[in-house]
Amino acid sequence: MMLPVFHGLKYSYCYETGTGHYLLFDNEYKNHAYLQGDDARIFRKEIKHIDELPEPEYKTGMLTENAISIYL
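Residues numbered from 1 in each chain as written. Predicted model: local features only at pLDDT ≥ 70, side-chain atom pairs only at ≥ 80, totals over all residues. Heavy atoms only, no water.

Quick notes on the sheet that holds strand β1 (residues 2-7)
Phase 1: Judged by pairing direction, the sheet is antiparallel, and its 4 strands sit side by side in the order β1-β2-β3-β4 without closing on themselves. Two strands bound the open sheet, and with one partner strand each, they are β1 and β4 (32-35). Taking each pair of neighbouring strands and ignoring which way they run, the sheet shows an average axis angle of 20 degrees.
Phase 2: When β1 meets strand β2 (residues 11-16), the two strands line up antiparallel, connected through 5 bridges. Its bridge partner lying in β2, H7 is registered against S12. (Pairing = 2+ DSSP bridges. Helix = DSSP H or I, 4+ residues; strand = E, 2+ residues; numbered from the N terminus. Axes fitted to C-alpha atoms, helices over the stretch in contact; angles between N-to-C directions.)

Right, here's the structure in full:
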């Protein structure tokens, strides 16, 4: 089951609870990427690092959107 995790201005992503895979997409639904295996593991580490940053640096969500855009 895919759970919506992040919805930004341009990009969003969902997490599949059973497998640990990610679905990344732009909000116009023109591009998407399904991450599994090593790609999902690396993306998870990037998001965890962003989440651990001090409040003012990640409040806008731009770092998360930038991480998603790299895969698209």
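Description of the nonpolar core
Phase 1: Ranked by size, the top nonpolar core spans 11 residues in total: F6, Y13, Y22, L24, L35, A40, F43, I47, I50, A67 and I68.
Phase 2: Every element with two or more residues in this core is listed here: β3 (21-26), α1 (38-51) and α3 (62-71).
Phase 3: Per element, the largest residue contribution to this core is 4 residues, and it comes from α1. (Core = buried A, V, L, I, M, F, W, Y, C linked by side-chain atoms within 4.5 Å. Buried < 20%, exposed > 50% of the residue type's maximum accessible area, 1.4 Å probe, protein only.)

A closer look at the pairing of β4
Phase 1: The side-chain alternation of β4 yields one buried face, formed by A33 and L35, and one unburied face, formed by H32 and Y34.
Phase 2: Where β3 meets β4, 4 bridges bridge the pair, whose relative direction is antiparallel. Along β4, the bridge assignment pairs Y22 with L35.
Phase 3: The hairpin turn running from β3 into β4, its antiparallel successor, is 5 residues long, and Y29 in that turn takes a positive phi close to 60 degrees.

Considering the pattern of salt bridges
Phase 1: Across all of its chains, the model carries 2 salt bridges by this definition.
Phase 2: The residue K30 makes a salt bridge to E28 at a minimum N-O spacing of 3.5 Å.
Phase 3: For K30, a relative accessible area of 63% gives the class exposed.
Phase 4: As a salt-bridge pair, R41 and D38 come within 3.5 Å of each other at their nearest N and O atoms. Within this pair, R41 and its partner D38 are both found in helix α1, separated by 3 residues, close to a single helical turn.
Phase 5: Look at R41 and you get partly exposed, because its relative accessible area is 37%.
Phase 6: The exposure class of D38 is exposed, given its relative accessible area of 52%. (Salt bridge = Lys/Arg side-chain N within 4 Å of Asp/Glu carboxyl O.)

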